[in-house]
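# Structure at a glance
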Amino acid sequence: MYPVLRVLILTLLLGAPGAALHAQKPAAGCQPPRQRQLFHDYVDRQQGNALRADGKADNEFRAGTNEDVNFQLTHVLTKRIDALQCSIEQDTLARDQKKVAFIRGIERMLINFTSNLRARRVQPAHLPALFDAYEAAMALDRTGASIVPLVQRSSYEVGNYLLLSQAFDNNPGRAESRNIVLSKYLQLRPERIFATLKDNPNLPNRDSLILLAAYKFPRQLYDYAAASNSLAFAIRKLDDPLVSAVSKMATSGGSGQLYFPFLDNILKGKMTFEQIDAVKNDPVKYYKLLVKTRIDYVNRSIPSEPGAARDTVFEMEGLTRMLQRKAIDPFVNTINALHEKPDPERFKILQGLSATELYYLAVFGEQEVYTSSFVRGIYPLMMQKAGGRGDSLMMLVSFDRFKKFIKMAAGYNTLDEFLKAFPGKGQAEKLMTAFVNGLERTTTLEDGVDVADSYASIVESNKPLAARMLENVQANLERNRTQNNQRGIVLYNLLSKIFQSADSTKGIDLSKEFGVPPVYSVSYESLTPDTNRVFIHQFFYGDKDGVMNYQRQLAALGKGWKKIEDTKQWMAFASTTGKPLTLYFNKPLDEESGELEKAQAALSDYLIERGIQPTVVVHRGHSYYADYTIEQIQPAAKIVFLGSCGGYHLIHDVLSHAPDAHIIASKQTGYNVINQAFLDLLFQQLRSGKPVEWIPFWKDFARTSGKAQGFEDYIPPHRNLGALFIKAYNSQMGVANDDERVSSK
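Throughout what follows, the structure given in this document is the object of discussion. Here the structure is a predicted model, which is why all the values come from computation and not from measurement.

Along any regular strand the residues' side chains alternate between the sheet's two faces. By the bridge criterion, five bridges tie strand 3 (residues 561-566) to strand 4 (residues 570-575) in an arrangement that is antiparallel. If you follow Trp-561 over to strand 4, its bridge partner there is Ser-575. What sits between strand 3 and strand 4 in their antiparallel hairpin is a turn of three residues.

In total, this model carries 39 salt bridges according to the counting rule given. Note that Arg-36 is salt-bridged to Glu-89, the shortest N-O span being 2.6 Å. Taken together, the residues Arg-36 in helix 2 (residues 34-52) and Glu-89 in helix 3 (residues 67-90) connect sequence positions 53 residues apart. Accessibility classification places Arg-36 together with Glu-89 in one group, the buried group.

Time to look at the sheet that holds strand 5 (residues 581-586). Strands sit in the order 3-4-5-2-6-7-8-10 across an open sheet of eight strands; the sheet is mixed. The sheet is open, and its two edges are formed by strand 3 and strand 10 (714-715), each paired on a single side. Sheet topology places strand 2 (residues 534-540) next to strand 5; five bridges connect them, and they run parallel. By the bridge assignment, Phe-535 is partnered in strand 5 with Thr-582. Its contacts with the sheet put helix 31 (residues 544-556) on strand 2, strand 3, strand 4, strand 5 and strand 6 (616-620), and the angle it makes with strand 2 is roughly 150°. Contacting strand 2, strand 3, strand 4 and strand 5, helix 32 (residues 595-609) runs over the sheet at an angle of about 150° to strand 5.

So, about the nonpolar core. The tendency in soluble globular proteins is for nonpolar side chains to be buried as a group. Counting residues in hydrophobic clusters, the biggest one holds 123 residues, and the most contacted among them are Leu-350, Tyr-359, Tyr-360, Met-394 and Phe-418. Beyond its immediate chain neighbours, meaning those up to four positions away, Tyr-359 contacts Met-382, Leu-393, Met-394, Val-397, Asp-400, Arg-401, Phe-402 and Phe-405. By size, the runner-up hydrophobic cluster in this structure holds 40 residues, among which are Ala-53, Ala-137, Met-138 and Val-151.

Scanning the entire structure with this criterion turns up 39 aromatic pairs. Seen in terms of ring centroids, Tyr-222 and Phe-260 are 5.4 Å apart; in terms of plane orientation they differ by 65°. Their pairing is edge-to-face. Within this pair, whereas Tyr-222 is found in helix 11 (residues 218-225), its partner Phe-260 is found in the loop between helix 14 (256-259) and helix 15 (263-267), the two being separated by 38 residues in sequence. Note on accessibility: Tyr-222 and Phe-260 belong to one class, buried. Members of the aromatic cluster, each reached through a chain of ring pairs, are Tyr-359, Tyr-360, Phe-364, Phe-374, Tyr-379, Phe-405, Tyr-412, Phe-418 and Phe-422. Looking at Arg-219, its charged tip hangs above the ring of Tyr-222, at a distance of 5.9 Å from the centre. Sitting over the face of the ring of Phe-273, Lys-248 holds its NZ or CZ atom 4.2 Å from the ring centroid.

Moving on: empty space enclosed by the protein. Tallying each qualifying case throughout the model produces three cavities of 30 Å³ or more. What the largest cavity holds in volume is close to 140 Å³. Breaking the lining of the largest cavity down by element, the ones donating at least two residues are helix 34 (651-657), strand 8 (662-666) and helix 37 (721-736). Top contributing element to the lining of the largest cavity by residue count: helix 37, with three residues. Tallied by class, residues from the lining of the largest cavity come to ten nonpolar, two polar and two charged.

Quick notes on the rules
Residues numbered from 1 in each chain as written. Predicted model: local features only at pLDDT ≥ 70, side-chain atom pairs only at ≥ 80, totals over all residues. Heavy atoms only, no water. Pairing = 2+ DSSP bridges. Helix = DSSP H or I, 4+ residues; strand = E, 2+ residues; numbered from the N terminus. Salt bridge = Lys/Arg side-chain N within 4 Å of Asp/Glu carboxyl O. Buried < 20%, exposed > 50% of the residue type's maximum accessible area, 1.4 Å probe, protein only. Contact = heavy atoms within 4.5 Å. Axes fitted to C-alpha atoms, helices over the stretch in contact; angles between N-to-C directions. Core = buried A, V, L, I, M, F, W, Y, C linked by side-chain atoms within 4.5 Å. Phe/Tyr/Trp six-rings, centres within 6.5 Å; stacked < 30°, edge-to-face > 60°. Lys NZ or Arg CZ within 6 Å of the ring centre and 35° of its normal. 1 Å grid on protein atoms, 1.4 Å probe; cavity = no way out; pocket = protein on both sides within 12 Å on 5 of 7 lines; lining within 4 Å. Points joined across faces, edges and corners; volume = space filled by probe spheres on them. Nonpolar A, V, L, I, M, F, W, Y, C, P; charged D, E, K, R; others polar.

If you want it as structure tokens, here you go:
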């Protein structure tokens, strides 16, 4: 209806390079009647939108450098659609209602194509095939024939576009076509099968879809088999060993979750429900069975010889989740809660566990275990029961999750002792080499994060070992470059640069390399981006301890500080010596009346109104208040101190608000005396106007507070290289491939 030549002539006459297609006149003989002109205008508008979807407001669509493809796409969006509109109007068999449906269908095809193109859910080159199918469907529908054969032989995308056009809603094959398209979608997205079948339980190929999803997602199978609906009934009546076993678990009352970790052994006839029943109500015996099963699964997944296939284990993840849950409760939680009790009483619950079972307490309880729980309880008892030999322990667990254990041993300063427990010559060296090797074969960042975090601890306590780790990382980098393994190149290049950044003589600028700030120091300039003053925002809470913290902070603001603001809700102090600092903090008012919340809000409003963005944020409250502080942290924050218990586990929450923050927190109990000593030293450093270099800073801090109870649980920013590794990886992959970005392990 609107030939390209006519478009170009009209564009020149109008003097507008992006003139809309619907402004042009129709070709001769295709003038629609007035009652359908508006629908053609709608199509014209969507033609223009589609042509502009390549980022340029012209009458040409460019999908890349292939000129033949660009010509074909432009042809479809202009001449072919124009001709299709014309053929609909000239059709003497179709009634007015049918013509309107076909014209509106073209409009919807273009709307969906443009929308999906901008969202990168469709390839531009698919456009000709979409309209080939649309014209074929029109030909069938015009004569009353079913579109089912066409949909059956078309791809899911093509069939879906046809149905979404709504042009064939009255076709006799519409319902069957919908089922065909839905089935094709589920073949492509099996993770959506159960959720879709719940609302569409009568799909013709329902049983085959259930089996497809069951073997890929046994956990979903369990959840849907446990329900009381038609889909659950259909699942439970299927005659299949996996489906039957999971259905039995799902309908066994409250015990189903306890059976699920043993699914693979049940299917293979190596374990019965009765064996699990015998231990499921005894936390210690059940945990022991979990560990035994884990070792069995790990050994079966190791190829019997190089090149041999690995045994596939169903629901290893289910076993892992349950093992973590049962390691923490009752074992880790119990010894953590008794941290003030004598060791014999505190660690009594561990005495009946083997070296292997203690090992899994450590690696699966990592996020919860206290430093003292590991150093004084789990680790020494584990080594004692392993005969004091590290090699024996590794053999017992078949080196399962050994990188996690090495990371923990390094973080808790027991790595040197553990490596000395390898009697064979060079065995410890081989272990640490294996610790660094093979990251390119992983599918997550967890092992890479563990290597990064370990180096942060090792570089402080064992520089020769740290040097060998760096050498191994660089050797792996060269190997991956030789093999052209892009994932390996990215991972090992990140580790190499991060490791070298710990040495100021290397001159590695992480900001320049990866677009992320270095973790070993905070420049004074970054703390004073718009002024010559460091602004500090401190949060207090209204409980008894909060009032005490507040009073101690006031007492510490004597010499070198002066009060500059004192309202009913908050106060401010400014430094009188050295570089200028301003410290703002709310008063610890009553919580139940809402006065505390109002006080914090009033201070935040004051700072926002004056354009003040604190670059140092301090949380002085219990762990259950930490979320309230974190929610109020602004992106400008560069140093965040969490004085609460267990603040270390909130690091990623802080980073979601302040991506460049250097975070100091405790893995265990937060102590007021340590918190105040840290702040006094930090404020002193800030007044000097020099960068905060974390390694020397922490050594100074240790000289004054290192003997205080709980000091060893405070983790400085430079020992959290894992967070930096994740940031740098996301930054790199964000440039290379946005689909590969990750935010966590």
